[in-house]
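For reference, the chains in residue letters:
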Amino acid sequence: MTAESLSPPEACQETDPTPQRMRGALGTFASGVTVVTGVGRDGTPVGFACQSFASVSLEPALVLFCADHRGRAWPRIRESGRFAVNILAAEQTDLCGRFGSGKGRKYEGLDWELSRWGTPSLPGVLTRVHADVYDVHTAGDHDVVVGRVLALETVTDREPMLFFRGGFGVESPASGPLAPELWGWGDNWG
């Protein structure tokens, strides 16, 4: 292909990457939803909703998630050195809301168990990934946390929870480019 044969790019709106515009633009990337759980050194269970989760390496088995520096749960999980990633099913919006907001007690009235790895296992999730904190990289207002996978648990075989354009699922995204009232937007996750 030559420069002469290239057609001009389609027209689009280009904007500065403000936090509001970042959420709007990157909200067009549908992602799964997880709850990262752990136990603080004082024995108290903690956790937070997290969309930024991915596989890093198969050998060695590594995963990553991103956590806000201002969050309350992540510093306690970091101290303990171990976490579980609970991958949510489509109908688990209650768990997402519970762990995606800084309001209320996350484990109060919830039927959860302590795994043999010492991390909270949430009920009815698709999969649990148990891991040790392997490495942490500071990146802006978040930490990129790499975990060494200890074990994988397949719990159920249902549809995954997807987050897209400020809402759950891809069929009917939230109205407008952002819906900040959904899922604790504005709270500090992690």
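As a further point, take the sheet that holds strand β11 (residues 162-164). Ordered by their spatial adjacency, three strands build an open sheet running β1-β11-β12, and the pairing between neighbours is antiparallel. At either end of the open sheet lies a strand with only one pairing partner, and these are β1 (31-32) and β12 (167-168). Alignment of β11 against β12, held across two bridges, turns out to be antiparallel. Note that in β12 the partner of Phe-163 across the bridge is Phe-168.

Two aromatic rings, taken as a pair, are described by how far apart their centres are and by the angle between their planes. Counted under the stated rule, the structure contains six aromatic pairs. Taken together, Phe-48, Phe-65, Trp-74 and Phe-83 form an aromatic cluster joined through their ring pairs.

Below, the discussion takes up the environment of Cys-66. Topologically, Cys-66 is positioned in strand β5 (residues 62-68). Under the relative-accessibility criterion, Cys-66 is labelled partly exposed at 22%. The spacing of Cys-66 and Phe-53 is 13 residues in sequence and 7.0 Å in space, taken between C-alpha atoms. Not counting residues up to four positions away in its chain, the partners in contact with Cys-66 are Phe-48, Cys-50, Ser-52, His-142, Asp-143 and Val-144.

So, on to the sheet that holds strand β10 (residues 142-154). Reading across the sheet, the seven strands line up as β3-β2-β6-β9-β10-β5-β4 and stay open at both edges, with antiparallel pairing between neighbours. Edge positions in the open sheet fall to β3 (45-50) and β4 (53-57), since each of these has one partner strand only. Neighbour-to-neighbour, the strand axes of this sheet turn through a mean angle of 35 degrees, independent of strand direction. Strand direction decides the pairing type here: strand β6 (residues 82-87) and strand β9 (residues 127-139), joined by six bridges, are antiparallel. Within β9, the position partnered with Val-85 by the bridge is Val-129. Packing of helix α2 (residues 73-80) onto the sheet brings it into contact with β2 (34-39), β3, β5, β6, β9 and β10, and relative to β3 it is tilted by some 120 degrees.

Here we come to the pairing of β10. Pairing analysis gives seven bridges linking β5 to β10, with the strands arranged antiparallel. Looking across to β10, one finds that Ala-67 is bridged to Asp-143. Sheet topology places β9 next to β10; twelve bridges connect them, and they run antiparallel. Paired with Val-129 across the bridge in β10 is Leu-152. In this antiparallel pair of consecutive strands, β9 and β10, the connection spans two residues, and Gly-140 shows a positive phi of 65 degrees.

Once that is clear, we can look at the state of the cysteines. One pass over the structure, following the stated rule, counts zero disulfides. With no disulfide partner, Cys-50 has as its closest neighbouring cysteine sulfur the one in Cys-66, 6.8 Å distant.

This next bit is on the nonpolar core. Burial of nonpolar side chains together is a common tendency in soluble globular proteins. Among the nonpolar cores identified, the biggest contains 17 residues, and Val-36, Phe-48, Phe-65, Trp-74, Ile-77 and Phe-83 are the most heavily contacted of them. Counting residues per element, the ones that place at least two in this core are β3, β5, α2, β6, β9 and β10. Residue contacts for Ile-77: discarding those within four places in its chain leaves Val-36, Thr-37, Gly-38, Val-46, Phe-48, Arg-82 and Phe-83. Val-33, Val-35, Cys-96 and Phe-99 belong to the second largest nonpolar core, which has twelve residues in total.

Those residues of α2 that fall on the buried side of the exposure criterion are Ala-73, Trp-74 and Ile-77. Each buried residue of α2 sits inside an arc of 90 degrees when the element is viewed along its axis, so together they form one side. Those residues of α2 that are buried lie in contact with β2, β3, β5, β6, β9 and β10. In the segment just after α2, Gly-81 is the residue with positive phi, at about 85 degrees.

Definitions and cut-offs
Residues numbered from 1 in each chain as written. Predicted model: local features only at pLDDT ≥ 70, side-chain atom pairs only at ≥ 80, totals over all residues. Heavy atoms only, no water. Pairing = 2+ DSSP bridges. Helix = DSSP H or I, 4+ residues; strand = E, 2+ residues; numbered from the N terminus. Phe/Tyr/Trp six-rings, centres within 6.5 Å; stacked < 30°, edge-to-face > 60°. Buried < 20%, exposed > 50% of the residue type's maximum accessible area, 1.4 Å probe, protein only. Contact = heavy atoms within 4.5 Å. Axes fitted to C-alpha atoms, helices over the stretch in contact; angles between N-to-C directions. Disulfide = S-S within 2.5 Å. Core = buried A, V, L, I, M, F, W, Y, C linked by side-chain atoms within 4.5 Å. Arc of directions from axis to C-beta.

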